[in-house]
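Here is what each chain is made of, one letter per residue.
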Amino acid sequence: MYRKEGDITGDPGPAAATAAPAGVGLGPLLVSLQLTDSAFPSGFYTLSHSLEGFAQAGAVDAESLPALLEDLLLHGVGPADATALALAHRATAAGDPEAVVRIDEHLFATKLGREMRQAATRTGRQLLDLGHEVFGRPEIGDYYDRVVRREAPGTQAVAAGVVYAATGVPVRQAVAADLFAFCVSYAGAALRLRLTDHRRAQTLLRGAAPVIEATVEAALCRELDDVGATVFASDVMSGRHERAEARLFAS
């Protein structure tokens, strides 16, 4: 059936596709792209998010990679890190750094394994340090100083919430960007562990898109008391990974 350009029931056409609401710039999008780029040296892409532990145990293969990623998103990083990121973003935007500290401490306490705690704080501290240098926002520098003084643990998700809020990235976009970065990190780890190839890795990322959307919406609805993961197999694999004789990844 023929539809004219701009018909909302069909292809919006090139004019509608290039139009943007008045006053909305590309700044927040560009910040998101920069922070999720694997070239951004926060250390996030040195993590396997327990995937290496699963691989060492022979508990995952190319066929089960998508299912494991979905479980980690819906029951691990979503209820824990993504939710904490959203809460930290809102607290930062409201000018309440003490609330950010409480969120940070709560998220840190929910991470059961030493490896996961160390990975979260190492990457979070690096993100705050570099984020302050790159973006020059006082909120980022102030929270980094708190972390340096050991007044807050500085977990990666909370650090990301602070940076995204300070740079004007909307909370929904911030959570989605960080979850996508998690998926890219997971896919990259799968490549290095020879569980997939580059083409299937892209299919994996595209297939995760609806799960990311659902995870974002759920994270935005939770409160601080809801923060915490329930992926106990991942905790077990991470614990085993700590004691492995050879490791490619920090987690």
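A few points on the structure.

Analysis parameters
Residues numbered from 1 in each chain as written. Predicted model: local features only at pLDDT ≥ 70, side-chain atom pairs only at ≥ 80, totals over all residues. Heavy atoms only, no water. Helix = DSSP H or I, 4+ residues; strand = E, 2+ residues; numbered from the N terminus. Buried < 20%, exposed > 50% of the residue type's maximum accessible area, 1.4 Å probe, protein only. Lys, Arg positive; Asp, Glu negative; His and termini not counted. Salt bridge = Lys/Arg side-chain N within 4 Å of Asp/Glu carboxyl O. Polar contact = N/O pair within 3.5 Å; in protein donor to acceptor, adjacent residues only side chain to side chain. Contact = heavy atoms within 4.5 Å. Axes fitted to C-alpha atoms, helices over the stretch in contact; angles between N-to-C directions. Parallel < 35°, antiparallel > 145°, perpendicular 65-115°, else oblique. Left-handed = near helix turned anticlockwise from the far one by under 90°. Nonpolar A, V, L, I, M, F, W, Y, C, P; charged D, E, K, R; others polar. Core = buried A, V, L, I, M, F, W, Y, C linked by side-chain atoms within 4.5 Å.

Brief notes about the side chain of Arg222
Moving on, step 1. Topologically, Arg222 is positioned in the loop between α11 (209–221) and α12 (232–242).
Moving on, step 2. This buried residue, Arg222, is left without a salt bridge; Asp226 holds the nearest opposite charge, at 5.8 Å.
Moving on, step 3. A distance of 3.0 Å separates a polar atom in the side chain of Arg222 from a polar atom in the side chain of Thr83.
Moving on, step 4. Those residues in contact with Arg222, other than ones at most four positions away along the chain, are Gly78, Pro79, Thr83 and Leu87.

Observations regarding helix α7 (residues 138–148)
Moving on, step 1. Taken residue by residue, α7 has Ile140, Gly141, Tyr143, Tyr144, Arg146 and Val147 as its buried positions.
Moving on, step 2. Contacts from the buried residues of α7 go to α5 (97–110), α6 (114–135) and α8 (156–166).
Moving on, step 3. Arg150, located one to two residues past α7, shows a positive phi value of around 60 degrees.

Thoughts on the side chain of Ser32
Moving on, step 1. Relative to the assigned elements, Ser32 resides in helix α2 (residues 27–36).
Moving on, step 2. You can call Ser32 buried: its relative accessible area is 5%.
Moving on, step 3. Contacts of Ser32, omitting those with residues within four sequence positions, involve Tyr164, Val169, Gln173 and Ala177.

Description of the packing of helix α9 (residues 171–192) against α11
Moving on, step 1. Contact geometry of α9 with α11 gives a least axis separation of 10 Å together with a crossing angle of 135 degrees. In terms of orientation, α9 and α11 fall into the oblique class. Crossing handedness for the pair α9 and α11: right-handed. The segment α9 lies against α11, with Val171, Arg172, Val175, Ala176, Leu179, Phe180 and Cys183 engaging Ile212, Thr215, Val216, Glu217, Ala219 and Leu220.
Moving on, step 2. Across the contact of α9 with α11, the residue classes break down as ten nonpolar, one polar and two charged.

Some words on the nonpolar core
Moving on, step 1. Among the nonpolar cores identified, the biggest contains 72 residues, and Leu51, Leu73, Leu128, Tyr143 and Val175 are the most heavily contacted of them.
Moving on, step 2. Ranked by residue count, the leading element in this core is helix α4 (residues 65–93), at 14 residues.
Moving on, step 3. Apart from residues no more than four positions distant in its own chain, Leu51 is found in contact with Val60, Leu65, Leu68, Tyr186, Ala189, Ala190, Leu193 and Leu195.

So far we have only geometry, and geometry alone does not tell us how the molecule works.
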